[in-house]
Amino acid sequence: MHPTHCPSSVAPSAATPAAQGYVMPAEFAPHDACWMLWPQRPDTWRLGAKPAQQAFVAVASAIAESETVYVGVNDDQYENARHQLPAHVRVVELSSNDAWMRDVGPTFLVHPDKGLALVDWEFNAWGGLKDGLYFPWDKDRRIRPKIAEMLGIPCFDVEVVLEGGAIHVDGEGTLITTEECLLNPNRNPGMDRATMERRLQDSLGIQKVIWLPRGCYLDETDGHVDNLCCFVGPAEVALTWCDDDTDPEYAICREARAVLEASTDAKGRTITVHPLPQPGPLTIAEDEASGIDRLASSHPRRPGDRMAASYVNFYIGNRVVVMPQLDPRHDATVMDILARLFPDRRVVGVPAREILLGGGNIHCITQQQPRP
């Protein structure tokens, strides 16, 4: 652990976060806040990001029913964001290259006595100069230490390329991820599974890693687990599910379910799997693709391209669960399932196709700040 990029970091000689007693809590544990970023990048978001901005406002407004929401904004969009967002959502100047706070934002840790800290992973835009989704990513790289400075909390610099959407934890010692992402040579070449597990244990205070083979079909993040599977409670997960045996997603979700049901968590409990039907398949329409700027340094979005749509990409707030509405054939069914899984929270559906067009969804644009 090195404090190079973190102005408020622990001293260079300090032990790992886990050795100091820090752990990463589950998303369903209590929050103090949620962090987001404002979309404006024209080669990601169509029509100058105006439709996406409306979707982000809807997500922020829904989450703000149950916790403080911070939205980081580039200076040239500050007045526009402040005008569009509700007054009780806090708009802060926080420059970024794009709006994926789950991946470029902090992984927060808690300690029973010392309070809050965060992990500052390395970030290379989901694959670096060869496979990454855009260049440059210099502003994204500075977001975590800036938030640490704003909050006045320790910032652990971990020299591992990792995005927040690549991991899910239960807060009780178990982490789920995919081999497709965390062992991808475009992230940490030469790092094997055992070494990665040790780094996760040292950084997050977990004891066990459950490795799923792959993420969702055509997921441009190289298989982030948060689009496929997530913890909804201790020893309980939601998993995207496809019943069409001609769809590549059919085999992916079945192999994931087989791994999950054959595994135990860090406390030795068997894992219950709750399937969520897959929307679509959904593809980019001609008019949607034509509204996106095409630049050589960014990921192409073409008419007819299939999007990695998943209902698992929802956000668990203190009193609400904010889910993407993606397919009228399945939206109500998924809302009913989530209402049963979260009886103490209100399920709020937000039209989220505009977020999906950018390459992710509600979980990807949010990052919870846990209550210490």
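Below or above, wherever it landed, is the structure these notes cover. (Residues numbered from 1 in each chain as written. Predicted model: local features only at pLDDT ≥ 70, side-chain atom pairs only at ≥ 80, totals over all residues. Heavy atoms only, no water.)

1. Some points on the pairing of strand 17 (residues 346-351)
Step number 1: Direction of pairing for strand 16 (residues 320-325) relative to strand 17: parallel, over a ladder of six bridges. Bridged to Gln-325 within strand 17 is Pro-351.
Step number 2: Of the crossover connections in this fold, the one passing from strand 16 over helix 12 (residues 331-341) to the parallel strand 17 is right-handed. (Pairing = 2+ DSSP bridges. Helix = DSSP H or I, 4+ residues; strand = E, 2+ residues; numbered from the N terminus. Right-handed = clockwise from strand over helix to strand, strands pointing away.)

2. A short note on the state of the cysteines
Step number 1: One pass over the full model with this rule turns up zero disulfides.
Step number 2: Sulfur of Cys-34: no disulfide; nearest cysteine sulfur belongs to Cys-364 and is 13 Å away.
Step number 3: Cysteine Cys-181 remains unbridged, with the sulfur of Cys-364 as its closest cysteine sulfur at 11 Å.
Step number 4: Assessed through its relative accessible area of 0%, Cys-181 is described here as buried. (Disulfide = S-S within 2.5 Å. Buried < 20%, exposed > 50% of the residue type's maximum accessible area, 1.4 Å probe, protein only.)

3. Things to note about the sheet that holds strand 16
Step number 1: If you walk across this open sheet you meet the three strands as 15-16-17, and the pairing is mixed. Pairing within the sheet leaves two strands with one partner each, and these edge strands are strand 15 (315-316) and strand 17.
Step number 2: Most of the contacts of helix 12 go to strand 16, to which it runs at about 160°, and overall it touches strand 16 and strand 17. (Contact = heavy atoms within 4.5 Å. Axes fitted to C-alpha atoms, helices over the stretch in contact; angles between N-to-C directions.)

4. Some points on empty space enclosed by the protein
Step number 1: This structure, assessed with the given rule, holds five cavities of 30 Å³ or more.
Step number 2: For the largest cavity, the calculated volume is near 170 Å³.
Step number 3: Trp-100, Leu-133, Glu-220, Thr-221 and Gly-359 are the residues nearest the centre of the largest cavity, which is lined by 23 residues in total.
Step number 4: When its residues are assigned to classes, the lining of the largest cavity shows six nonpolar, 10 polar and seven charged.
Step number 5: The space that makes up the second largest cavity amounts to roughly 80 Å³.
Step number 6: Residue assignment for the lining of the second largest cavity shows that the elements contributing at least two residues are strand 7 (168-169) and strand 18 (367-370).
Step number 7: Split into classes, the residues belonging to the lining of the second largest cavity amount to four nonpolar, six polar and two charged. (1 Å grid on protein atoms, 1.4 Å probe; cavity = no way out; pocket = protein on both sides within 12 Å on 5 of 7 lines; lining within 4 Å. Points joined across faces, edges and corners; volume = space filled by probe spheres on them. Nonpolar A, V, L, I, M, F, W, Y, C, P; charged D, E, K, R; others polar.)

5. Things to note about the environment of Ile-292
Step number 1: Note on placement: Ile-292 falls in the loop between helix 11 (286-290) and strand 14 (306-307).
Step number 2: Residue Ile-292 is classed as buried on the basis of its relative accessible area of 8%.
Step number 3: Expressed as a C-alpha distance, the spacing of Ile-292 and Arg-302, which sit 10 residues apart in the sequence, is 9.1 Å.
Step number 4: Not counting residues within four places of it along the chain, the set of residues in contact with Ile-292 comprises Pro-42, Asp-43, Thr-44, Arg-46 and Arg-301.

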